[in-house]
Amino acid sequence: YLLQPSGTNLDAIRNCITDEVEAINRMAHMGAVRATEAQTKSGVALQTEFQLLNARLSEKAALLELAEEQIWDIFFRWQGVENQVLTDYNNDFDLHDLSEELQFLQMARASGVSSSAFMNGIDKQIIRLALDDDDVTIAIDEVMSGVVDKTPTKEIFGYHIDGGVVTKNEVRSQLGLSPTEGGDELTALEVDNAE
């Protein structure tokens, strides 16, 4: 005859812990992130849960940023100097499915729309997704928008040189190149005029 304790108390404790973890996941909107829920959710339901999680994390980050700013203010007042600390917390915790977004942009690019503005916009969005550095993204965006590089293309320069509108050295100076010998003469193509 062997005496052993009943296992019902242990099962009750395990069930209580499981219930608490599920409650935490529900309150923190972490069910989709941790993939703990056995039920199948639609894409819209998952996206909504991600948005709720993003809002909750943004709120927490704002409160932590405010608390840190106040702590620095107290510290610098104690030291008798002016607060020069800049506190900046991330406020966007949105989760993106990069592969799905890139696939969507590629399909939009291949849709056959012949607008250069449309293609330029698609290219800008692809660059924003592919690059994490905001400074690089802004620089590329400016170049693609024509803000930085206003230099005419080679074809336009060639057309103006051939038409006798500008000299080779004028073009070279616009490109930041040194002048060449004999480049100050107009080289207009001879056109037969019907006289």
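Conventions adopted
- Residues numbered from 1 in each chain as written.
- Predicted model: local features only at pLDDT ≥ 70, side-chain atom pairs only at ≥ 80, totals over all residues.
- Heavy atoms only, no water.
- Helix = DSSP H or I, 4+ residues; strand = E, 2+ residues; numbered from the N terminus.
- Buried < 20%, exposed > 50% of the residue type's maximum accessible area, 1.4 Å probe, protein only.
- Contact = heavy atoms within 4.5 Å.
- Patch = residues over 30% accessible without salt bridge, like charges linked within 9 Å, V, L, I, M, F, W, Y side chains within 5 Å.
- Areas by Shrake-Rupley, 256 points an atom, 1.4 Å probe, with all protein chains shown as cover.
- Salt bridge = Lys/Arg side-chain N within 4 Å of Asp/Glu carboxyl O.
- pLDDT = per-residue confidence, 0-100.
- Phe/Tyr/Trp six-rings, centres within 6.5 Å; stacked < 30°, edge-to-face > 60°.
- Lys, Arg positive; Asp, Glu negative; His and termini not counted.
- Axes fitted to C-alpha atoms, helices over the stretch in contact; angles between N-to-C directions.
- Parallel < 35°, antiparallel > 145°, perpendicular 65-115°, else oblique.
- Left-handed = near helix turned anticlockwise from the far one by under 90°.

Novice: Go over the overall build of the protein chain with me, naming the residues and quoting the values.
Specialist: Across its full length, the protein chain holds 8 helices and 0 strands. Its helices and strands taken in sequence order, the protein chain reads α-α-α-α-α-α-α-α from the N to the C terminus. Here the protein chain holds 195 residues, and the buried ones make up 14% of them. Pairs at least 24 residues apart make up 30% of the contacts formed inside the protein chain by residues separated by at least 6 positions.

Novice: Explain a nonpolar patch on the surface residue by residue, including any values.
Specialist: On the surface, Leu-10, Ile-13, Ile-17 and Val-21 cluster together to form a nonpolar patch covering roughly 370 Å² of accessible area. In this fold, Leu-10 is placed in helix H1 (residues 8-27).

Novice: Let's hear about the confidence of the model for the protein chain: which residues, and what values?
Specialist: A low pLDDT means the predicted coordinates there should not be read in detail. On average, residues of the protein chain carry a pLDDT of 75, and 70% of them reach 70 or more. Confidence over residues 190-195 falls short of pLDDT 50; this stretch has 0 contacts with residues more than four positions distant or in other chains.

Novice: Break down the packing of aromatic side chains for me, with residues and values.
Specialist: Summed over all chains, the structure comprises 4 aromatic pairs. A ring pair is formed by Phe-75 and Phe-76, whose centres lie 5.5 Å apart and whose planes are at 75 degrees; its orientation type is edge-to-face. Looking at Phe-75, the relative accessible area reads 35%, which means it is partly exposed. Taken together, the aromatic side chains of Trp-72, Phe-75, Phe-76 and Trp-78 make up a single cluster linked through ring pairs.

Novice: Outline the side chain of Thr-167, supporting the account with residue identities and numerical values.
Specialist: By the secondary structure assignment, Thr-167 is in the loop between helix H7 (154-162) and helix H8 (168-174). Accessibility expressed as a relative area gives 6% for Thr-167, which makes it buried. Leaving out residues up to four positions away in the same chain, Thr-167 has contacts with Ile-161, Gly-183, Asp-184, Glu-185 and Leu-186.

Novice: Could you give an account of the side chain of Glu-65, naming the residues involved and the relevant values?
Specialist: Along the chain, the position of Glu-65 falls in helix H3 (residues 43-79). Despite being buried, Glu-65 has no salt bridge partner; Lys-60 is the closest side chain of opposite charge, sitting 15 Å away. Setting aside residues up to four positions removed in sequence, Glu-65 forms contacts with Thr-87, Asp-88 and Tyr-89.

Novice: Give me the packing of helix H4 (residues 98-109) against helix H5 (residues 116-130): which residues, what numbers.
Specialist: Their axes nearest at 10 Å, the elements H4 and H5 cross at an angle of 165 degrees. With respect to each other, H4 and H5 are oriented roughly antiparallel. The element H4 and its partner H5 pack so that their crossing is left-handed. Between H4, through Leu-98, Glu-101, Leu-102, Leu-105, Ala-108 and Arg-109, and H5, the contact on the second element is made entirely by Phe-118, Met-119, Ile-122, Asp-123, Gln-125, Ile-126 and Leu-129.

Novice: Quick rundown of the environment of Asp-94? Include the residues and the values.
Specialist: One can find Asp-94 in the loop between H3 and H4. On the accessibility criterion, Asp-94 (34% relative accessible area) is partly exposed. Separated by 47 residues in sequence, Asp-94 and Gln-47 have C-alpha atoms that sit 10.0 Å apart.

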